[in-house]
Amino acid sequence: MIRPLKVPEKTGFALESPRFASSAPMLVVGLAERHSFGAAEGIPGQWQRFMKHYAEIPDKAQPIPLGVSTNMDDDGNFEYITAIEVSKVSDLPKGLSQLR
């Protein structure tokens, strides 16, 4: 057994104020699934399923995938999309959808 770490109460680290930026709409292609805030443990498996399709997605604008949370409801459910930004949507691999 080891002794527990003692976390200092005050670290002296100050965060900068948030910065808001505007940009053109993003177009993403990805795998959309419904989750709840109380049971979001399915998201890692969703990433594994999405990455099997990653190489099949044409016209990638960026190489780094991203996660998008959308369509939240009053019951604590939301749609999570594991996605990649694309410059255009041509052929969607089966099971994937697009979002702007």
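These remarks concern the structure in this document.

Thresholds, definitions, all that
- Residues numbered from 1 in each chain as written.
- Predicted model: local features only at pLDDT ≥ 70, side-chain atom pairs only at ≥ 80, totals over all residues.
- Heavy atoms only, no water.
- Helix = DSSP H or I, 4+ residues; strand = E, 2+ residues; numbered from the N terminus.
- Buried < 20%, exposed > 50% of the residue type's maximum accessible area, 1.4 Å probe, protein only.
- Polar contact = N/O pair within 3.5 Å; in protein donor to acceptor, adjacent residues only side chain to side chain.
- Contact = heavy atoms within 4.5 Å.
- Pairing = 2+ DSSP bridges.
- Phe/Tyr/Trp six-rings, centres within 6.5 Å; stacked < 30°, edge-to-face > 60°.
- Lys NZ or Arg CZ within 6 Å of the ring centre and 35° of its normal.

Structurally, H35 is set in strand 1 (residues 28-36). Note on H35: relative accessible area 8%, which makes it buried. Side-chain polar atoms of H35 contact the side chain of Q46, separated by 2.7 Å. Among all residues touching H35, those that are not within four sequence positions of it are G42, I43, Q46, G76, N77, F78 and Y80.

On to the pairing of strand 1, then. In this structure, strand 1 lies alongside strand 3 (residues 77-85), joined through nine bridges in antiparallel fashion. From the neighbouring strand, R34 faces strand 3, where its bridge partner is E79. Across three bridges, the pairing between strand 1 and strand 4 (residues 97-99) is antiparallel. Paired with V29 across the bridge in strand 4 is Q98.

As a further point, take the packing of aromatic side chains. With the rule as written, the count across this model stands at two aromatic pairs. Considering the side-chain rings of F37 and F78, the 4.6 Å spacing of their centres and the 25 degrees angle between planes classify their relative orientation as stacked. Of this pair, F37 sits in the loop between strand 1 and helix 1 (43-51) while F78 sits in strand 3, and the two are 41 residues apart along the sequence. Classification of F37 by relative accessible area gives exposed; the value is 53%. Considering the side-chain rings of W47 and F50, the 6.0 Å spacing of their centres and the 85 degrees angle between planes classify their relative orientation as edge-to-face. Here F50 and W47 lie together in helix 1, a separation of three residues that amounts to about one turn. On the basis of relative accessibility, which here comes to 0%, the residue F50 falls in the buried class. The lysine or arginine in question, K60, covers the ring of Y54, its NZ or CZ lying 4.6 Å from the ring centre.

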